[in-house]
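Read off the chains here:
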Amino acid sequence: MDQVRLPLIRGNEPFGAIVERMRAANAAAVVRRTGQRFYVHGLGELLARQQTRNGWARDIQSEASLWRGAPTTFESGRGLLQTFFDTTAFNYLILEVRDADVLVVTRSEDMVRAIARAVVVCTCQRNDRHVFDPTDVRTPGTCNQCFGSLNCN
Ligand SMILES: [Zn+2]
């Protein structure tokens, strides 16, 4: 178990704005709210979505449960939180919801290690749908799809 604060996005927020918020939070994931449900979306999923302009995946793996009950912090509620993960299939539990972000407890420390990192995205200067993780760029500085110039930051 570990905790991480992630940007809370609206479903229709532009890709560039979402990336800016991930950079500011130093987090390679966001949480999207739809009604009473919350979903965690990683940077890779957001890049794929921008490339294809498909709708949000209805991935139950990414659903985060909202903690309902007496105020609990990660430190004070460790036992209760561990029991939650031991007895449910959820990988994410939301402890606190604010206007712009949420506090998420993850099933494993590895999940936070994968999320809590600097965000770098390479964007093609010819086509803003051509977006890549720097590790997926085949020729440095060159778009995988149209060979235009990439701007990575
Ligand atoms: Zn391109």
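None of these values were measured; they are calculated from a predicted model.

(A) Expanded view of the domain arrangement of the protein. Partitioning the protein into domains gives domain 1 (2-119) and domain 2 (120-153). Here the C-alpha centre of domain 2 lies 26 Å away from the C-alpha centre of domain 1. Looking at the side of domain 1 that touches domain 2 element by element, the count peaks at five residues for helix α2 (residues 43-52). Taken together, the residues of the side of domain 1 that touches domain 2 break down into five nonpolar, three polar and one charged.

(B) Representation of the nonpolar core in the model. Counting residues in each nonpolar core, the largest one holds 33 residues, and the members touching the most others are Leu-6, Ala-29, Val-31, Ala-64 and Val-104. Non-local contacts of Leu-6, meaning those with residues more than four positions away in its chain, are made with Ala-25, Ala-27, Ala-29, Val-30, Val-31, Asp-101, Val-102 and Val-104.

(C) Representation of the sheet that holds strand β9 (residues 150-152) in the model. Strand order in the open sheet formed by three strands is β8-β7-β9, and the pairing between neighbours is antiparallel. Single-partner strands in this sheet number two, and they are β8 (131-132) and β9. In this sheet, β8 lies alongside strand β7 (residues 122-124) in antiparallel orientation, the contact comprising two bridges. Within β8, the position partnered with Cys-122 by the bridge is Phe-132.

(D) Just α2, in detail. Residues of α2 that are buried include every one of Leu-43, Leu-46 and Gln-50, and no others. The buried residues of α2 all sit within an arc of 60° when viewed along its axis, so they share a single face. Opposite its buried face, α2 presents the exposed residues Gly-44 and Thr-52, each directed more than 90 degrees away. Positive backbone phi, at 55°, marks Arg-53, one or two positions downstream of α2.

(E) Structural detail: the sheet that holds strand β4 (residues 63-66). Judged by pairing direction, the barrel is mixed, and its six strands sit side by side in the order β1-β2-β3-β4-β5-β6 before closing back on the first. With strand direction ignored, the average angle separating the axes of adjacent strands in the sheet is 40°. Relative to β4, strand β3 (residues 37-42) runs antiparallel, the two sharing two bridges. Counted as the bridge partner of Tyr-39 is Glu-63 from β4. Packed onto the sheet, helix α1 (residues 15-25) meets β1 (2-9), β2 (29-34) and β6 (101-106) and runs at close to 150° relative to β1.

(F) Spotlight on the pairing of β6. With six bridges connecting them, β1 and β6 associate as antiparallel partners. What sits directly across from Asp-2, in β6, is Thr-106. The pairing of strand β5 (residues 92-97) with β6 spans five bridges and is classified as antiparallel. By the bridge assignment, Val-97 is partnered in β6 with Val-102. What sits between β5 and β6 in their antiparallel hairpin is a turn of three residues.

(G) Broad picture of the pairing of β5. In the sheet, β4 pairs with β5 via three bridges, with the strands oriented parallel. Directly across from Ala-64, in β5, lies its bridge partner Tyr-92.

(H) Inspection of the environment of Glu-20 at higher detail. Looking at where Glu-20 falls in the secondary structure, it is placed in helix α1. Considering only alpha carbons, one finds Glu-20 and Val-119, 99 residues apart in sequence, at a separation of 9.0 Å.

Analysis parameters
- Residues numbered from 1 in each chain as written.
- Predicted model: local features only at pLDDT ≥ 70, side-chain atom pairs only at ≥ 80, totals over all residues.
- Domains from an automatic or database assignment.
- Helix = DSSP H or I, 4+ residues; strand = E, 2+ residues; numbered from the N terminus.
- Nonpolar A, V, L, I, M, F, W, Y, C, P; charged D, E, K, R; others polar.
- Core = buried A, V, L, I, M, F, W, Y, C linked by C-beta atoms within 7 Å.
- Buried ≥ 20, exposed ≤ 12 C-beta atoms within 10 Å, placed from the backbone.
- Contact = placed C-beta atoms within 7 Å.
- Pairing = 2+ DSSP bridges.
- Arc of directions from axis to C-beta.
- Axes fitted to C-alpha atoms, helices over the stretch in contact; angles between N-to-C directions.

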